[in-house]
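Single-letter residue listing:
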Amino acid sequence: GQQLNQSPQSMFIQEGEDVSMNCTSSSIFNTWLWYKQDPGEGPVLLIALYKAGELTSNGRLTAQFGITRKDSFLNISASIPSDVGIYFCAGQRNDMRFGAGTRLTVKP
Amino acid sequence: NAGVMQNPRHLVRRRGQEARLRCSPMKGHSHVYWYRQLPEEGLKFMVYLQKENIIDESGMPKERFSAEFPKEGPSILRIQQVVRGDSAAYFCASSPGRYTGELFFGEGSRLTVL
C-alpha cells in the first residue's frame, strides 16, 4: 500500500522558534494535506495542496507540494504554546493515507 | 452543530462484549470513512462507505468488525467479541464526494476494553 514516512516523530522546541516537518512516499499523490490533532480531539485541516510545486501559506504555516509529487513539508514560524499537538500529513490519490504524525511540544 | 457527530465519545466494554460506534456525517455528505488510532500512533484507514454501500474495506479486520451506512440514519462501526487490543480511538470522517479534498473528522469515540 501507499506508505507515508513522516519526520520527525517528535519535536521539543522553545516558544518563538520555527518548526519544519516533512512527509515522503514512494508513491505519487494528487493531493497533500496537513492536519493538526489536539489532545482528545479529531484532526482538523490546516492546509491542502493540489498541484505539484504549489507553495501555500495559512498565517504562520507554510506548506509545499513536492515537485516529484512524492513529498511535502510543513513549516511553522514563530511557534506559540497553542501550536502543541500532533501534526499529520495525508496523501490522497485513490484513497487517503496518513503519516504517523509529528508530536510537537512548545516550551514557553 | 453541522459537523461530523460521533457517539459515544467514550465507551467501556468487557472482553467478549459488543461495541457499536455511530457516526453522523456533515450535512450534504454521503461519503463516510472510519479510521482507528492507537495510543501514540497515527490514523489507520479501516473502511470507506457511501450510502448503503461499502466501497473499500481493505483496512478492516476480516473477523469481528463490520460497518454499515444505511439509507436512513448514521453509519455504524460494530465490533463483536471485543478484545483488549481493540482499545483505541475510532474516528469517522465525511466528505461530499469520493476523497474530494478535505475529509472532515468527528471528535472520535474512545473504546476501552477491560
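Up top is the structure these notes are about.
So, here is what we can say about the structure in this document. Since the model is a prediction, treat every value here as computed from it, not as a measurement.

Accessible area lost upon the coming together of the parts serves often as the stated size of an interface. Tallying the contact residues gives 21 residues for chain B and 19 residues for chain A. Both faces combined, the contact of chain B with chain A buries some 1500 Å², and carbon together with sulfur accounts for 50% of it. Taken together, the links from chain B to chain A amount to 0 salt bridges. Taken together, the connections running from chain B to chain A amount to 6 residue pairs in polar contact (both at pLDDT 80 or more). When residues of the side of chain B that touches chain A are traced back to their parent elements, those giving at least two are strand 4 (31-37) and strand 5 (43-50) of chain B. For the side of chain B that touches chain A, the per-class residue count stands at 7 nonpolar, 6 polar and 8 charged.

Counting residues in hydrophobic clusters, the biggest one holds 22 residues, and the most contacted among them are Trp34, Met46, Leu77 and Tyr90 of chain B. Of all the secondary-structure elements, those providing two or more residues to this core are strand 3 (19-24), strand 4, strand 5, strand 7 (65-68), strand 8 (75-79), strand 9 (88-95) and strand 11 (109-113) of chain B. Not counting chain neighbours up to four residues away, the residues in contact with Tyr90 of chain B comprise Gln6, Leu21, Trp34, Tyr35, Arg36, Met46, Phe65, Leu77, Ile79, Gly108, Ser109 and Leu111 of chain B. Residues Met11, Ile13, Leu74 and Ile76 of chain A belong to the second largest nonpolar core, which totals 21 residues.

Turning our attention to the pattern of salt bridges. Residues and elements named next belong to chain A. Taken as a whole and judged by the stated rule, the model has 7 salt bridges over all chains. Across the pair Asp83 and Arg60 runs a salt bridge, and its minimum N-O distance is 2.8 Å. Placement of the pair is Asp83 in the loop between strand 8 (71-76) and strand 9 (85-92) and Arg60 in the loop between strand 6 (55-58) and strand 7 (61-65), with a sequence separation of 23 residues. By relative accessible area, Asp83 is classed as buried at 7%. On the basis of relative accessibility, which here comes to 29%, the residue Arg60 falls in the partly exposed class.

Keep in mind that most residues, glycine aside, have a negative phi and that most peptide bonds are trans. Residues and elements named next belong to chain A. Pro8 follows Ser7 through a cis peptide bond whose omega is -5°. Its place among the elements puts Pro8 in the loop between strand 1 (4-7) and strand 2 (10-14). Of note, the phi angle at Arg69 is positive, near 70°, even though the residue is not glycine. As for its placement among the helices and strands, Arg69 is situated in the loop between strand 7 and strand 8. Phi at Ala78 is positive, roughly 50°, even though this residue is not glycine. One can find Ala78 in the loop between strand 8 and strand 9. Of the residues examined, Ala78 reaches a relative accessible area of 36% and is grouped as partly exposed.

A separate point is the sheet that holds strand 3 of chain B. Residues and elements named next belong to chain B. Reading across the sheet, the 4 strands line up as 1-3-8-7 and stay open at both edges, with antiparallel pairing between neighbours. With partners counted over all chains shown, the strands left at the sheet margins are strand 1 (5-7) and strand 7, one partner each. Geometrically, the sheet is characterised by an average inter-axis angle of 15° between neighbouring strands, direction not taken into account. In terms of strand pairing, strand 1 meets strand 3 through 3 bridges, oriented antiparallel. Across the sheet, residue Met5 finds its bridge partner in strand 3, namely Ser24.

Definitions and cut-offs
Residues numbered from 1 in each chain as written. Chains lettered and ligands numbered in written order. Predicted model: local features only at pLDDT ≥ 70, side-chain atom pairs only at ≥ 80, totals over all residues. Heavy atoms only, no water. Contact = heavy atoms within 4.5 Å. Buried area = accessible area lost by both parts, 1.4 Å probe. Salt bridge = Lys/Arg side-chain N within 4 Å of Asp/Glu carboxyl O. Polar contact = N/O pair within 3.5 Å; in protein donor to acceptor, adjacent residues only side chain to side chain. Helix = DSSP H or I, 4+ residues; strand = E, 2+ residues; numbered from the N terminus. Nonpolar A, V, L, I, M, F, W, Y, C, P; charged D, E, K, R; others polar. Core = buried A, V, L, I, M, F, W, Y, C linked by side-chain atoms within 4.5 Å. Buried < 20%, exposed > 50% of the residue type's maximum accessible area, 1.4 Å probe, protein only. Pairing = 2+ DSSP bridges. Axes fitted to C-alpha atoms, helices over the stretch in contact; angles between N-to-C directions.

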